[in-house]
Amino acid sequence: MINLIYNLLLWLILPLLVPYHAYRSLSRGRRTAFLERFGRIPAEELELIGGGGGTILVHAVSVGETNAALPLLKGIRTRFPGKKIVISNVTETGRSVAQKSKAADLCIYFPFDYPFAVRSVLESLRPDMVVIMETEIWPNFIGVAREMGIPVLLANGRISDRSFGRYLRLSWFFRPVLERLSALCMQTPVDAERIAAIGAPSAAVHVGGNLKYDIPVVKAPPEQVAGIKSTYRIPADCFVFAAASTHEGEEAQVLSAYRELLAHDPQSFLILAPRHPERAPGVAELIKKEGFPFQSRSTLDGSPPLPAGGIMLLDTVGELAGLYRASDLVFVGGTLVATGGHNPLEPAACQVPVLFGPHMENFREIAALFVTHCGAEVQPADLAALTSELLRLAADPALRAELGRRGAGILLESAGATSRHLDVMDSLLEGRANRG
């Protein structure tokens, strides 16, 4: 009955879904990709995986989930060398990151959760296994995969404080879906307890750790830093401050802190990267209003070096991780405003010191580790504290280097989730082969 009601609601919203999705895509300059989202994968793309069979399908909604999946994709390639890898995304930005990573043999859009669309995709790909990153619970997708005998693993799962109560109240809906999953690898014991309370079978729940810790720790050598700065027209001898994944309401605060920095050290430079590139025009207007010299990344090629005291506005996707290597200090956005925060581990993997604000609800465990290893100062409570810490770190290269080493140490100490996930995948594939 629950499944019948869910599908009835899906059909009722279809007349709204199509124009809404078209509007969101076209207003952001992105493809609607309706054919793929309704289950039709072009034949020329299927040829990249040999027409289906012997594949593992990994689903990652957007940029964060795709980046988290990269260590697992690399591990799959090593552990199961005969398998083709397909990655699906919901967002254009996630798909762009997946394509640029070259970690998969084929990148597709995840289908809308209509049974006919889901079945069409799964019949085209015929995957040996489906891996769903984090807590993406799509009833029809999981149900059809189960009917087709395809094991489904929930990987890197987490249940935040904020969402746990909501899931628990709706456990009557989620329980039947969770029972269809073959295995669930949760990030922490608390996440494992929560998913079991919502309705997942305890025997199928594993504590796999957080895949985000398994990114390689590499400090860029001076010649690589110089090359990155040359490519992006960043002045060679400046202190480079990167404000990453910022949201509305944060850019003004970052610019205020940057103005204070320039008053103390005019030989500084800001990389400003809004979380959603479509916001870049509005951020550009704000920068103009504040009177800073700047240039957008999309218009940078062939231009002369940018001036000290200037700003590069990153309005493209997939380049931020490389720019971390050329940064002296990174502020992770989504944390001075109440959006739940973003992942500070990527810049930490470059041995670059990291700051983030008080709103790290979605990364509470990671934030706690940074505070423990690096000190409470890495989490300034407001603009005044951010400005103070920015000035302190800009003036102390030795302290920056020490904080960079400590941040990288968090990843080194917490690694191992990829291996645990692959062990579970190995068991599921073996079980499927035995049943076959």
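What counts, and where the lines are drawn
Residues numbered from 1 in each chain as written. Predicted model: local features only at pLDDT ≥ 70, side-chain atom pairs only at ≥ 80, totals over all residues. Heavy atoms only, no water. Phe/Tyr/Trp six-rings, centres within 6.5 Å; stacked < 30°, edge-to-face > 60°. Buried < 20%, exposed > 50% of the residue type's maximum accessible area, 1.4 Å probe, protein only. Lys NZ or Arg CZ within 6 Å of the ring centre and 35° of its normal. Axes fitted to C-alpha atoms, helices over the stretch in contact; angles between N-to-C directions. Helix = DSSP H or I, 4+ residues; strand = E, 2+ residues; numbered from the N terminus. Parallel < 35°, antiparallel > 145°, perpendicular 65-115°, else oblique. Contact = heavy atoms within 4.5 Å. Nonpolar A, V, L, I, M, F, W, Y, C, P; charged D, E, K, R; others polar. Patch = residues over 30% accessible without salt bridge, like charges linked within 9 Å, V, L, I, M, F, W, Y side chains within 5 Å. Areas by Shrake-Rupley, 256 points an atom, 1.4 Å probe, with all protein chains shown as cover. Salt bridge = Lys/Arg side-chain N within 4 Å of Asp/Glu carboxyl O. Pairing = 2+ DSSP bridges.

Draft legend 1. Broad picture of the packing of aromatic side chains. Scanning the model with the defined rule gives 15 aromatic pairs in all. The interplanar angle of 75° and the centroid separation of 4.9 Å between the aromatic rings of Y167 and F174 together place this pair among those described as edge-to-face. Residue classification places F174 among the buried positions, given a relative accessible area of 12%. A network of ring pairs unites the aromatic residues W11, F34, F38, F112, Y114 and F116 as a single cluster. Positioned above the aromatic ring of Y109 is the side chain of R37, whose terminal nitrogen or guanidinium carbon lies 4.1 Å from the ring centre. The ring of F363 has R158 lying over it, and the distance from NZ or CZ to the ring centre is 5.7 Å.

Draft legend 2. Structural detail: the packing of helix α9 (residues 171–178) against helix α10 (residues 189–198). Viewed as axis vectors pointing N to C, α9 and α10 meet at an angle of 105°, and their least axial separation amounts to 8 Å. Relative to α10, the element α9 is oriented roughly perpendicular. Along the contact surface, α9 presents S171, F174, R175 and L178, while α10 presents I195, A197 and I198. Class assignment for the residues of the contact of α9 with α10 results in five nonpolar, one polar and one charged.

Draft legend 3. A look at a nonpolar patch on the surface. A cluster of nonpolar side chains, namely M1, L4, I5, L8, L9, L12 and I13, defines an oily patch on the protein surface of about 760 Å² accessible area. Turning to its location among the elements, L9 is positioned in helix α1 (residues 2–27). According to the relative accessible area criterion, L9 is partly exposed, its value standing at 48%.

Draft legend 4. Just the side chain of Q187, in detail. By the secondary structure assignment, Q187 is in the loop between β6 (183–186) and α10. Of the residues examined, Q187 reaches a relative accessible area of 9% and is grouped as buried. If we skip the residues at most four places from it in the chain, Q187 touches E134, N156, G157, R158, V207, G209 and N210.

Draft legend 5. Broad picture of unusual backbone geometry. Backbone geometry places R126, a non-glycine residue, at a positive phi of 45°. For R126, the position within the fold is in the loop between α6 (115–125) and β4 (127–133). A residue is classified by how much of its surface remains accessible, and R126, at 46% relative accessible area, is partly exposed. A positive phi angle is found at R233, which is not glycine, with a value near 60°. Along the chain, the position of R233 falls in the loop between α11 (222–231) and β8 (239–246).

Draft legend 6. Representation of the sheet that holds strand β3 (residues 106–109). Spatially, the seven strands line up as an open sheet ordered β3-β2-β1-β4-β5-β6-β7, and their pairing is parallel. Edge strands, defined here as strands with exactly one partner in the open sheet, are β3 and β7 (205–207). Across this sheet, the average inter-strand angle for adjacent strands is 20°, counted without regard to direction. Sheet topology note: the β4/strand β5 (residues 152–157) ladder contains four bridges and is parallel. By the bridge assignment, I132 is partnered in β5 with L154.

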